[in-house]
Amino acid sequence: GTVQVQYGEHFDGEDSLQAAANIGFGIGDSGFVNASLEYIDNDALSRGIQRQTDEDRLLAAGVPQSEIGADAPFGDSPLLQTWGRPETSGVRFFLNSGFDLSATSQLYARFSLAETEGRYRFFYRNENHSTLATFDDMDNLIGGYRFEGYTGLPAGYTPFLDGDQDDSSFVVGIDGEFDSGMLYDFSYSFGKNELDYFLNNTVNGSLPLIGAVDPTQPADCLGANGCVISQMGFDVGGYAQEEVNLNADFSYAMSDRVNLAFGFEAREETFIAYAGEPRSYEGGGSSGFRGIEPANAGEFSRDNVGIYADVEHDISDALLVQYAARYENYSDFGGTLNGKIAARYRVNDAFAFRGAISTGFHAPTPGQSNVSTIITTFDGTTGNQVEEGLLPVSNPAAQAAGATALTEEESLNISAGFTADFADNWSLTLDAYIIEVDDRIYRTGDISIDIPGSAEEQSVSYYTNVLEVEHEGIDLILNGGFEIGMNTSLDLTLAYAYNKTDVTGQDLITVEPDEDPIQPVNDGLVEDIENNYPEHRFVLTGNALIGDSYNVMLRANYYGDHYDERGRIGAAVDPSAKISSTIYFDLEAGWQVNDNWRVVVGGINIFDEYIDEIGPPNANRLSVGLQYPRRTVANYEGGSWYLRAQYSW
């Protein structure tokens, strides 16, 4: 058994706590149970700056400084908007067990349950936001009374979202060996992940104002009764994914040089959308995340069956070849057949070549085919807040914009490399790969369509098979160590990756027969896919073992240069910023006090480094309070330290 407690704190003061326990014990002479429990609690991180133009305007209008950002849920007022890691907490439990049924068979069962809560802050809405305009126009009152006693939200408002996630799984199976020597494994598994959302501190401009003193009375707002916004918190619904699997897997050594593996699988996947409360989708809906309407709620299921075979063939003592094939048939888009040929040639005991050619696929999820959401974001060009509607491909409006049923993504994978072992326990692996993906599923940009019987247009978005993408790269791993005297040794590990992504093609969409086809993923987004992530990345770790009781670990995390998503590369006005490479250092020291106790103290990003800030002349987000690139592999959290104590028995 083991019990562990870790407390951490960022250099800017935010706390984190983790407590975990694991215990295992036998059940009679033929079984075991092992259980793990973990609790986490992480403060939110706020790393943005003030939306200065908005604050200056509010102060000039006479709004007291104390009211600016007063609705901040993370204690970072007067910031009108928060950028950084959300607030999270959770409890997770895992149980693993096994019981011998006979000398050659075992019953196993595994169970997991996790409950996680998160809180996320949205974009700021100013005091003149469109959701407040209906109140200011004096036409949205109980009984239709005019008013003078409603003052709105003079500092504006910033919604924040609570997300509650429940994740559970259960697996039960029997594995063993037949008298013939064939190994078998029969299993049943069930898993479900559910997300429930509650949107706080927001408004639905379509709802009536109510009397401030007596909500049951008309909100004339002329006397002491006054009037207020009727509701600022909404249950907007949620989503769930549910899976059931039946598996039968077999392995049989046909000879000393040939091993056959084969199996069967049947799966049912169900995507579930839960409707929000009626007020969350009435009229314009709750700002920030419009509630899921009953028309878009429900269960959407699909089935698939699969069969596979795998042969590993030692052609000689030096050459191993693997042949594999898998066929799957899905109820929503049909069948797919994929294969693989791989080989390893051992030159000697210390050096071997390896390579593989395979095809693959990724099935569209029921969620991608059926999800429907309306959220508030901001336009990358104008900076204005806009409502984005994501529709299922079966929706008539989506089909009018060119949507068709989703099919599988297909890929061709080619890799080659070598492994090498040399003196003093050093080893090196190097692999190069190319992956070509066809019919990559991506979300379209907003597509405008005519509303039947109206002169107005509607903007819609949906998932579609649209891109051809090529990934190429190199993975290198070097492991080794040496003695450095004084009863001390040093272990070193270098993991380096080079990855490059190119969009090589795109399928156009025809919306109107007499109009030119349109490009569903615009050039700016294609540029982002290719340039938002660094091509070079490495992690170098050194761990010094000092005697039998101490160790010191130093790790360097390197992120290569890349481009921000805002703007366009090389543009004459507001070009995309090039983010310089950066390196973060982690340091940890451990002390094995005795056979039971271990104490560890460490730091993450110990020099408190940050990714590049972005400002003029580059396209930037300073107006919305973010001085860093929004989507970057290298985070902008800053440094932190932690202390961990572990007791084992």
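None of these values were measured; they are calculated from a predicted model.

Participant: Looking at this structure, how should I read the packing of aromatic side chains?
Facilitator: Each aromatic ring pair is described using two quantities: the centre-to-centre distance and the angle formed by the ring planes. Per the stated rule, a full pass over the model turns up 22 aromatic pairs. Their ring planes at 50 degrees and their centres at 5.4 Å tell us that Tyr 197 and Phe 289 sit as a pair that is tilted. Placement of Tyr 197 in strand S7 (residues 183-200) and of Phe 289 in the loop between helix H3 (278-281) and strand S12 (298-314) is noted, with a sequence separation of 92 residues between them. Tyr 197 gets classed as buried once you look at its relative accessible area, which sits at 18%. Given a relative accessible area of 7%, Phe 289 falls into the buried group. A network of ring pairs unites the aromatic residues Phe 178, Tyr 184, Phe 186, Phe 250 and Phe 262 as a single cluster.

Participant: Just to check I follow, could you spell out unusual backbone geometry for this structure?
Facilitator: Excluding glycine, a negative phi dihedral is what most residues carry, and trans is how most peptide bonds are arranged. Of note, the bond from Ser 77 into Pro 78 is cis; its omega dihedral lies within 30 degrees of zero at 10 degrees. Along the chain, Pro 78 turns up in the loop between helix H1 (52-60) and strand S4 (87-102). Pro 616 connects to Pro 617 through a cis peptide bond whose omega is 10 degrees. On the secondary structure map, Pro 617 appears in the loop between strand S29 (597-604) and strand S30 (640-648). Backbone geometry at Asn 201 places phi at a positive 55 degrees, although glycine is not the residue there. Along the chain, Asn 201 turns up in the loop between S7 and strand S8 (209-211). Among the residues examined, Asn 201 registers a relative accessible area of 18% and is labelled buried. The phi dihedral of Asp 574 falls on the positive side, at around 50 degrees, and the residue is not glycine. The residue Asp 574 is located in the loop between strand S26 (562-563) and strand S27 (578-579) in this model. Look at Asp 574 and you get partly exposed, because its relative accessible area is 45%.

Participant: Even after reading the chapter, I still don't get the nonpolar core, so can you show me in this structure?
Facilitator: Looking at soluble globular proteins, one finds that nonpolar side chains tend to be buried together. Ranked by size, the top nonpolar core spans 14 residues in total, and within it Leu 161, Tyr 197, Leu 199, Val 236, Tyr 239 and Phe 289 carry the most contacts. If you list the elements that add at least two residues to this core, you get S7, strand S10 (233-253) and strand S11 (258-274). Looking at this core element by element, the count peaks at three residues for S10. Sequence-distant contacts of Val 236, defined by excluding residues within four places in its chain, comprise Tyr 197, Leu 199, Gly 276, Ser 280, Ser 286, Phe 289, Gly 291 and Ile 292.

Participant: So what exactly am I meant to see when it comes to the environment of Leu 430 here?
Facilitator: Looking at the secondary structure, you find Leu 430 in strand S19 (residues 426-443). We classify Leu 430 as partly exposed; its relative accessible area is 27%. Taking the C-alpha atoms as reference, Leu 430 lies 8.8 Å from Leu 478; in sequence the two are 48 residues apart.

Participant: Would you take a moment to explain the pattern of salt bridges for this structure?
Facilitator: Close approach of charged atoms allows side chains of opposite charge to pair. Following the criterion strictly, the structure yields 27 salt bridges and no others. For the salt bridge of Arg 555 with Asp 586, the shortest nitrogen-to-oxygen distance reads 3.6 Å. Here Asp 586 lies in strand S28 (residues 582-592) and Arg 555 lies in strand S25 (residues 550-559), a separation of 31 residues in the sequence. Relative accessible area serves as the criterion here: at 27%, Arg 555 is assigned to the partly exposed category. On the basis of relative accessible area, Asp 586 is assigned to the buried category, the value being 10%. A salt bridge links Glu 565 to Arg 621, with the nearest nitrogen and oxygen atoms 3.2 Å apart. With Glu 565 in the loop between S26 and S27 and Arg 621 in the loop between S29 and S30, this residue pair connects regions lying 56 residues apart in the sequence. As far as burial versus exposure is concerned, Glu 565 and Arg 621 are alike and both buried. Overlapping salt bridges, with partners in common, bring together Arg 51, Asp 54, Arg 57 and Glu 127 in one network.

Participant: Looking at this structure, I do not really get a negative patch on the surface. What am I missing?
Facilitator: Together, Glu 410, Glu 436, Asp 438, Glu 468 and Asp 507 give the surface a local cluster of negative charge. Summarising the element assignment, Glu 410 is placed in strand S18 (residues 409-422).

Participant: Looking at this structure, I do not really get the environment of Gly 481. What am I missing?
Facilitator: With respect to the secondary-structure elements, Gly 481 resides in strand S22 (residues 463-485). Residues Gly 481 and Phe 422 lie 59 residues apart in sequence; the distance between their C-alpha atoms is 12 Å.

Participant: Even after reading the chapter, I still don't get helix H6 (residues 523-531), so can you show me in this structure?
Facilitator: Two residues of an α-helix separated by three or four positions point the same way, owing to the 3.6 residues in each turn. Listed as buried for H6 are Gly 524, Val 526, Glu 527, Asp 528 and Ile 529. Measuring from the side-chain oxygen of the N-cap residue of H6 to the backbone nitrogen of Gly 524 gives 3.0 Å; that N-cap residue is Asn 522.

Participant: Hey, could you run me through the pairing of strand S6 (residues 160-177) in this one?
Facilitator: Side chains on a regular strand alternate between the two faces of the sheet. Two elements, strand S5 (residues 105-121) and S6, share 17 bridges in a ladder whose sense is antiparallel. Paired with Arg 121 across the bridge in S6 is Phe 160. Here S6 folds back onto S7, and the loop between the two strands holds five residues, one of which, Gly 181, carries a positive phi near 95 degrees.

About the cut-offs
Residues numbered from 1 in each chain as written. Predicted model: local features only at pLDDT ≥ 70, side-chain atom pairs only at ≥ 80, totals over all residues. Heavy atoms only, no water. Phe/Tyr/Trp six-rings, centres within 6.5 Å; stacked < 30°, edge-to-face > 60°. Helix = DSSP H or I, 4+ residues; strand = E, 2+ residues; numbered from the N terminus. Buried < 20%, exposed > 50% of the residue type's maximum accessible area, 1.4 Å probe, protein only. Core = buried A, V, L, I, M, F, W, Y, C linked by side-chain atoms within 4.5 Å. Contact = heavy atoms within 4.5 Å. Salt bridge = Lys/Arg side-chain N within 4 Å of Asp/Glu carboxyl O. Patch = residues over 30% accessible without salt bridge, like charges linked within 9 Å, V, L, I, M, F, W, Y side chains within 5 Å. Areas by Shrake-Rupley, 256 points an atom, 1.4 Å probe, with all protein chains shown as cover. Lys, Arg positive; Asp, Glu negative; His and termini not counted. Charge placed at Lys NZ, Arg CZ, Asp CG, Glu CD. Polar contact = N/O pair within 3.5 Å; in protein donor to acceptor, adjacent residues only side chain to side chain. Pairing = 2+ DSSP bridges.

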